[in-house]
Amino acid sequence: SADGTWWELAERAVTPQMFGAKGDGVADDTAALQAALTYGGCVRVPSGDYLANAAMTCFDQVSIVGDGRDVRIIVNAAIAGDFITWTDQTAVEHSFFIRDLSFVVRQPVDGALVRCLPFKPSRIRQETHWSDVHIYPEGAGTVQVGFRITDGVGVRMQRVFFTNPPLDTGIRTVTAIWFEGQCIDCLVEKGNFAGCVLGVLVDGTSEGMQFLSNTFIRCNTSLDLRPSSGGEPFYVIHGNHFDALEF
């Protein structure tokens, strides 16, 4: 690791600590987090506060697994573009999992908090699953887009929570989830969207989209569905609670 400690990789999972992370809310853990993501596979993030001061990237088969809400990845510097970008590059199979952690956004993110770039259609297995993820803007931390997915296939989002400050603070998530291009067979289930300008945006030629048992509170718009010509849009909207200015 960066501090000279040697680790024996006896298990498949790595931790940011193996690459020098402190997780104390004081040290800059950006380089350690990026090194763990670059190593790939299962990145297990123990409880702690991890300061990130720059954007990061990951590729192909990556799982970011926390120990629950006590794991906080803190965006501590303004991000001009996307914060975490996932790219499908070389693997025959690909996967991108995020589970059991929180993002605390203290400085503006002008792009997406998590950006999922187009999947390559030749892949024999495609899995993208994000569950039990909490997003908290605070301080100056306005987020333009929470999760942005382009041409995604089989994306699953379950129990994703956006908790925004009161409206009069002006600090909030503008668009929580954005599906663009041709997304196919994607699911948003049991999420909570509190105080977002827009909960979920779907545009392009996406089809087979399901929105089940979500809660939209104090959103200007809950769902904005904009199918373009050339697609065959098919949406399932069931069991949601809407407390918003418009649908």
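Note that the structure is a prediction, hence the values are computed from the model and not measured. (Residues numbered from 1 in each chain as written. Predicted model: local features only at pLDDT ≥ 70, side-chain atom pairs only at ≥ 80, totals over all residues. Heavy atoms only, no water.)

(A) Region of interest: the overall build of the chain. Helices and strands together make up the secondary structure of the chain, namely 1 helix and 20 strands. Within the chain, the proportion of its 247 residues that are buried is 51%. Counting only contacts in the chain whose residues sit at least 6 apart along the sequence, the fraction spanning at least 24 positions is 69%. In the structure as shown, the chain presents an accessible area of about 10700 Å², 51% of it carried by carbon and sulfur atoms. (Helix = DSSP H or I, 4+ residues; strand = E, 2+ residues; numbered from the N terminus. Buried < 20%, exposed > 50% of the residue type's maximum accessible area, 1.4 Å probe, protein only. Contact = heavy atoms within 4.5 Å. Areas by Shrake-Rupley, 256 points an atom, 1.4 Å probe, with all protein chains shown as cover.)

(B) Region of the structure containing the pairing of strand β16 (residues 198–204). β16 sits mainly inside the fold: 7 of its 7 residues count as buried. For strand β13 (residues 173–180) and β16, the ladder comprises 4 bridges, and the chain directions are parallel. Residue pairing across strands places isoleucine 177 opposite valine 200, the latter belonging to β16. (Pairing = 2+ DSSP bridges.)

(C) Structural detail: the side chain of serine 95. Its place among the elements puts serine 95 in strand β8 (residues 93–105). Sequence-distant contacts of serine 95, defined by excluding residues within four places in its chain, comprise Asp60, Gln61, Val62, Trp86 and Glu127.

(D) Seen up close, the packing of aromatic side chains. Considering all chains together, one arrives at 8 aromatic pairs under this definition. The interplanar angle of 55 degrees and the centroid separation of 6.1 Å between the aromatic rings of phenylalanine 19 and tyrosine 39 together place this pair among those described as tilted. One end of the pair, phenylalanine 19, is in the segment before β1 (24–28); the other, tyrosine 39, is in helix α1 (residues 30–39), with 20 residues separating them in the sequence. Judged by relative accessible area, phenylalanine 19 falls into the partly exposed class, the value being 23%. Taking 5.7 Å as the distance between ring centres and 5 degrees as the angle between the ring planes, the aromatic pair formed by tryptophan 86 and phenylalanine 96 counts as stacked. With tryptophan 86 in strand β7 (residues 84–87) and phenylalanine 96 in strand β8, the pair connects residues that are 10 residues apart, well separated along the chain. (Phe/Tyr/Trp six-rings, centres within 6.5 Å; stacked < 30°, edge-to-face > 60°.)

(E) Structural context of the side chain of asparagine 164. Relative to the helices and strands, asparagine 164 resides in the loop between β12 (155–163) and β13. The class for asparagine 164 is buried, based on a relative accessible area of 6%. At 2.6 Å, the side chain of asparagine 164 and the backbone nitrogen of threonine 173 are in polar contact. A polar contact of 2.7 Å, which involves the side chain of asparagine 164, links it to the backbone oxygen of alanine 194. (Polar contact = N/O pair within 3.5 Å; in protein donor to acceptor, adjacent residues only side chain to side chain.)

(F) Spatial organisation of the pairing of β12. Pairing of β12 with strand β14 (residues 184–189) involves 3 bridges; the strand directions are parallel. Looking at the pairing, glutamine 158 lines up with glutamate 189 of β14. Where β12 lies against strand β15 (residues 192–194), 3 bridges are found, and the strand directions are parallel. Paired with phenylalanine 161 across the strands is asparagine 192, a residue of β15.

(G) Structural view of α1. Residues Thr30, Ala32, Leu33, Ala36 and Leu37 constitute the buried set of α1. The inward-facing, buried residues of α1 contact β1, β2 (41–45), β3 (48–52), β4 (56–59) and β5 (61–66). Just past α1, the residue glycine 40 takes up positive phi, approximately 85 degrees.

(H) Inspection of the environment of glutamine 34 at higher detail. Following the sequence through the fold, glutamine 34 ends up in helix α1. Sequence separation of glutamine 34 and threonine 57 is 23 residues, and the distance between their C-alpha atoms is 7.1 Å. The contacts of glutamine 34, once residues within four sequence positions are left out, are Ala55, Met56 and Thr57. Of the polar contacts made by the side chain of glutamine 34, one reaches the backbone oxygen of threonine 57; its length is 2.8 Å.

(I) Up close: the pattern of salt bridges. Taken as a whole, this structure holds 9 salt bridges when the rule is applied. A salt bridge links arginine 99 to aspartate 100, with the nearest nitrogen and oxygen atoms 3.5 Å apart. A relative accessible area of 23% means that aspartate 100 is categorised as partly exposed. A salt bridge links arginine 226 to aspartate 224, with the nearest nitrogen and oxygen atoms 2.7 Å apart. Take arginine 226: its relative accessible area is 46%, and that puts it in the partly exposed class. In this structure, a network of salt bridges that share partners links the residues Asp82, Arg115, Arg148 and Glu180. (Salt bridge = Lys/Arg side-chain N within 4 Å of Asp/Glu carboxyl O.)

Function-wise, these values are silent; they only describe arrangement.
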